[in-house]
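# Observations on the model geometry
In case you want the letters, here they are:
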Amino acid sequence: MKTKIINSADKASGEILKGGIVALPTETVYGLAADALNPGAVLKIYETKKRPDFNPLIVHVSGISEFEKYAVSIPNAVYKIAEKFSPGPVTYVLSKRNVIPDIVTAGIDTVALRIPSHPLFREVLEKCGRPIAAPSANMFGRISPTTAEDVLKELNGKIEYILDGGRCPIGIESTVISFEGERIFVLRHGFVTKEEIEAVSGKEVTEIKESASKISSPGMLKSHYAPLTPLYFTDNIEYFKNKESSVGIIDLTVYGNLREAALNLFADLRAADEKGYDFIVTKYVENKGLGRAVNDRLKKASSGNVIIERDKVTFLNK
Ligand code: AMP
Ligand code: MG
């Protein structure tokens, strides 16, 4: 199959309505989109990405008024948070209605709903008049794509169309939140921070760690967003800067602020991966606000809890 980069939202919508899958831009990262109400089309997403069937997809809708069509018992906090952050990079996990096929939610009784703000994606949603399921448009476990060219590198020959909307303006995924009684949980850190959600909802927000079983998100895997080149943490990045060897350096602190660090995270990972280094070293950014989302991606992209200093390699957990 030849993969074509296209610019027409009309064409992309037509393909989705026919039961096809199309990669398209969102404000976060590129998504691989299908009609969420068409199980056969959604199956193509799982097959193309080689995504495990236990990992549910986010369903995108055009506005908050659509939520009641696909979810029940929507807490008031959703409306409060959505007023401030939707359209935008927040995903709400809610009790699902039967109209959402089981394959979309990997058989669980909740559905993750998001209202994207990217104008091209919104045009596709309007034209389709259907909810659209879309995970990131990369092979499962690999680096998320933030340009049409990245998608081409990931899925060349595997899909027919990539709708080109230029570079994603945010560059890091949405914040996934869920609700239980009065409580709010962050299942995945993303562009909107825990503190911002606390401020607008007036409620305390609890982080769910991978190990927590009860309310955890099936997509919270240890390894994700990963380059093929081993990625290690170092507490001495300066040492590698002066070294003439095949070591890539990803230092997101050089961007000066967390927004820029998040924007460049996947692009830097991909660029370093393409250089064919023996390994790449990196370090965490400050672990607060948006820094948590960035560090979460770095941790999952790294091949282990390894710290390298000069010629001393310390394997933690080994
Ligand atoms: P992505 O594959 O990058 O689109 O990420 C989607 C994220 O949302 C994954 O971490 C999924 O596990 C999570 N997710 C989607 N649907 C649900 C759901 N119903 N309950 C909990 N997490 C979900
Ligand atoms: Mg993904």
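Further up the page is the structure itself.
Residues numbered from 1 in each chain as written. Chains lettered and ligands numbered in written order. Predicted model: local features only at pLDDT ≥ 70, side-chain atom pairs only at ≥ 80, totals over all residues. Heavy atoms only, no water.

### Considering helix α9 (residues 258-274)
Each α-helix winds once per 3.6 residues, and so residues spaced three or four apart point in a common direction. The condition is simple: The way it works is that DSSP assigns letters per residue, a run of H or I at least four long becomes a helix, a run of E at least two long becomes a strand, and they are numbered from the N terminus. The span expected for a helix works out to 1.5 Å for each residue beyond the first. A residue's bend is simply the angle between two axes: one fitted to the seven residues ending at it, one to the seven starting at it. Burial here depends on accessible area, computed with a 1.4 Å probe over protein chains only, as a share of the maximum for the residue type. Under 20% is buried, over 50% is exposed, and the range in between is partly exposed. Throughout, a residue-residue contact means that at least one pair of heavy atoms, one from each residue, lies within 4.5 Å.
With 17 residues, α9 extends 24 Å from end C-alpha to end C-alpha; this agrees with the ideal 24 Å at 1.5 Å per step. Most pronounced at Asn 264, the bend in α9 amounts to some 40°. If you check which residues of α9 are buried, you get Ala 261, Ala 262, Leu 263, Asn 264, Leu 265, Phe 266, Asp 268, Leu 269, Arg 270, Ala 272 and Asp 273. Buried residues along α9 sit in contact with α6 (148-155), β13 (231-233), β14 (247-250), β15 (279-282) and α10 (290-301).

### Examining the pattern of salt bridges
Definition in use: The term salt bridge refers to a side-chain nitrogen of Lys or Arg lying within 4 Å of a carboxyl oxygen of Asp or Glu.
Counted according to the given criterion, the structure contains 23 salt bridges. Notably, a salt bridge pairs Glu 286 with Lys 288, separated by 3.4 Å at the nearest N-O pair. Here the salt bridges share partners, and the residues they tie into one network are Arg 142, Asp 150, Glu 154, Arg 270 and Asp 273.

### Things to note about the pairing of β14
Formally: We treat two strands as partners when DSSP finds at least two bridges between them. Note on handedness: a clockwise path from strand one over the helix to strand two, with the strands aimed away from the viewer, defines a right-handed crossover.
The pairing of β14 with β15 spans four bridges and is classified as parallel. Among the inter-strand pairings, Ile 250 is bridged to a residue of β15, identified as Thr 282. As for the winding sense of the linkage, the β-α-β connection from β14 through α9 to β15 is right-handed.

### Side note on the pairing of β15
With three bridges connecting them, β13 and β15 associate as parallel partners. Residue pairing across strands places Phe 233 opposite Thr 282, the latter belonging to β15.

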